[in-house]
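Close look at the chain arrangement
Spelled out from the first residue to the last, the chains are:
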Amino acid sequence: MKTEIYINEGIHESRIAILEDGQLAEIWIERPENERMVGDIYKGTVNAVLPSLQAAFIEMGLERTAFLQVRDMMEADAEEIEEGGRGNRRSRSYPLIQDILKKGQELLVQITKEPISTKGARVTTQISLPGRFVVLVPGGGEWVGVSRKIASLQERRRLRDLVSGLRPEGYAVIIRTEGRKKSEREFRRDIKELQKTYERMVKKSKKLKPPALVHKEMGMTSSVIRDLFNENVERVVVDSKARYQEILEYVRAVSPELKKRIEYYRERKPIFDAFKIEQEIEKLNDRTVWMRKGGGVVIDHAEAGTFIDVNSARSVGTRDQEENNLNTNLEAVSQIARQLRLRDIGGIIVIDFIDMHEERNRRRVIERLIDEMKKDRAKVSISPQISEFGLVEMTRQRVRANLLHTHSEPCPTCDGTGRVMGPDTTLTKIERWLQRSYAASGERKLVLKINPEVAGYLTEAREGRIKALRKATKARLELQTDSSLKPQEYRFLSAKSAVDLTRSFNI
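Residues numbered from 1 in each chain as written. Predicted model: local features only at pLDDT ≥ 70, side-chain atom pairs only at ≥ 80, totals over all residues. Heavy atoms only, no water.

Before going further, it helps to spend a moment on the sheet that holds strand β24 (residues 445-450). Note: strands within a sheet are paired through backbone hydrogen bonds, in either parallel or antiparallel orientation. Strand order in the open sheet formed by three strands is β25-β24-β26, and the pairing between neighbours is mixed. Two strands bound the open sheet, and with one partner strand each, they are β25 (476-481) and β26 (490-494). Adjacent strand axes in the sheet meet at a mean angle of 25°, parallel and antiparallel pairs treated alike. Sheet analysis places β24 next to β26, joined by five bridges and oriented antiparallel. Considered in β26, the bridge of K449 is made with R491. Running over the sheet, helix α10 (residues 423-440) touches β24, β25 and β26 and is turned about 30° from β26. (Pairing = 2+ DSSP bridges. Helix = DSSP H or I, 4+ residues; strand = E, 2+ residues; numbered from the N terminus. Axes fitted to C-alpha atoms, helices over the stretch in contact; angles between N-to-C directions. Contact = heavy atoms within 4.5 Å.)

With that settled, consider helix α1 (residues 153-164). Taking 1.5 Å of rise per residue, the 12 residues of α1 would be expected to cover 16 Å, and the 16 Å separating its terminal C-alpha atoms lies within 8% of that figure. Burial in α1 covers these residues: E155, R156, L159, L162 and V163. An end-on view of α1 places all buried positions within 135° of arc, on one side of the element. Across α1 from its buried face, at more than 90 degrees, point the exposed residues L153, Q154 and D161. Buried-residue contacts for α1 involve β13 (144-146), β14 (171-175) and α2 (184-207). (Expected span 1.5 Å × (residues − 1). Buried < 20%, exposed > 50% of the residue type's maximum accessible area, 1.4 Å probe, protein only. Arc of directions from axis to C-beta.)

Quick look at the packing of aromatic side chains now. Applying the stated criterion to the full structure yields nine aromatic pairs. Each ring, one from Y171 and one from Y198, has its centre 6.0 Å from the other, and the planes form 85°; the classification is edge-to-face. Separated by 27 residues along the polypeptide, Y171 in strand β14 and Y198 in helix α2 bring together distant segments of the chain. Each member of the pair Y171 and Y198 is classed as buried. Grouped by ring-pair contacts, the aromatic residues W433, Y490, F492 and F505 constitute a single cluster. (Phe/Tyr/Trp six-rings, centres within 6.5 Å; stacked < 30°, edge-to-face > 60°.)

Next comes the structure, spelled out in structure tokens:
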């Protein structure tokens, strides 16, 4: 697979595009006000201990307190950590959190999941420091783990034996995928640098009063170069001279054989325009993704998860409906896997495939989905079969807000629901307000303020609707328009005192 990395440095944001076989596979975006936080280490204070959840809130000086579960305080082993990330812990018993933590206690924590929506950051007390070839786990036990992506048993054995002799006392070490075929010298240098970083961090933390940032993980661009730039990447093209020099210096130190693949983009035309990346990014907020054969994939986001619907739409196929449905579903699988990576969609995902009657066809779709998701670096779990309702449930690791939340904010008119009340519904609510007002108060002279569009609806047909409203509620209404009001909003004021009465008779 041909992989290319393009880096665009702007005033307000930095972007990294990863292309696989000429097609946009991932897009990373970072802004000054929303810098990457995963991997950052803080000295924090226990704000509250919650025995019912077996968790605690940690004050770290961020906008919201962080969340620490008891299982994220327990020593992990090689089976539970891979590539520097936390895996799913095997079922086991844990001590009670109220026996470990007390309110006001100080401790070092590392962010494993960034704040998303109303939720604070997720943290762990099990610190891990990723390098280019290894991950160092201070106090993590006396073991050496090897990335599962290194399949050769012979190479796994060689790496484990080699690194076991280099592992510092009191540290666990995980060999990353990038460590494949590397020499003792390269591992020794990586481990030594990480050990120095940790020792400096501990020394610094002793001088700091919480809440305080103790260690800042590499920025987005640096971490991408560290984690992804290897012999499989054909080129890295960057449009910032300073960033180009920074990447060049880093690569000279760790993998000098790769420096010839780094290019500085000098043209006036924006780099993402020149390589046809910008037009692909523009499509990423579309709700519907059209496929080559006419089918469509509809992506809807909700608080509880993401829901994806596959439909045949304009698809043209054979007369065999089962075969058509199978082919559309198989094409959709590739597009869904790509969109999940591109949009960085995480959490619970439910996919509604087109109904198929034959079990072998349903199995083919699941197998294709599992195979396509192997390209994804995020941890993924997929249900082994399509349910009787044609649904597939899956989860994808989420460490930060997805692309939709990065690029947009909830609509101020509909509050993020995607729908607003029609004028008929607003009119009905106004009528009920007037009925409650009539039953509880003798005030009949009122000023009604509404959105101009709703006012137009009320006064259509020679003010027929507003006349009917006045007659039914015995109210003497003065109608005023207010463009600051949403279509579903209204305000009632006393005509005598101009006092706002709206809340007085709302439900």
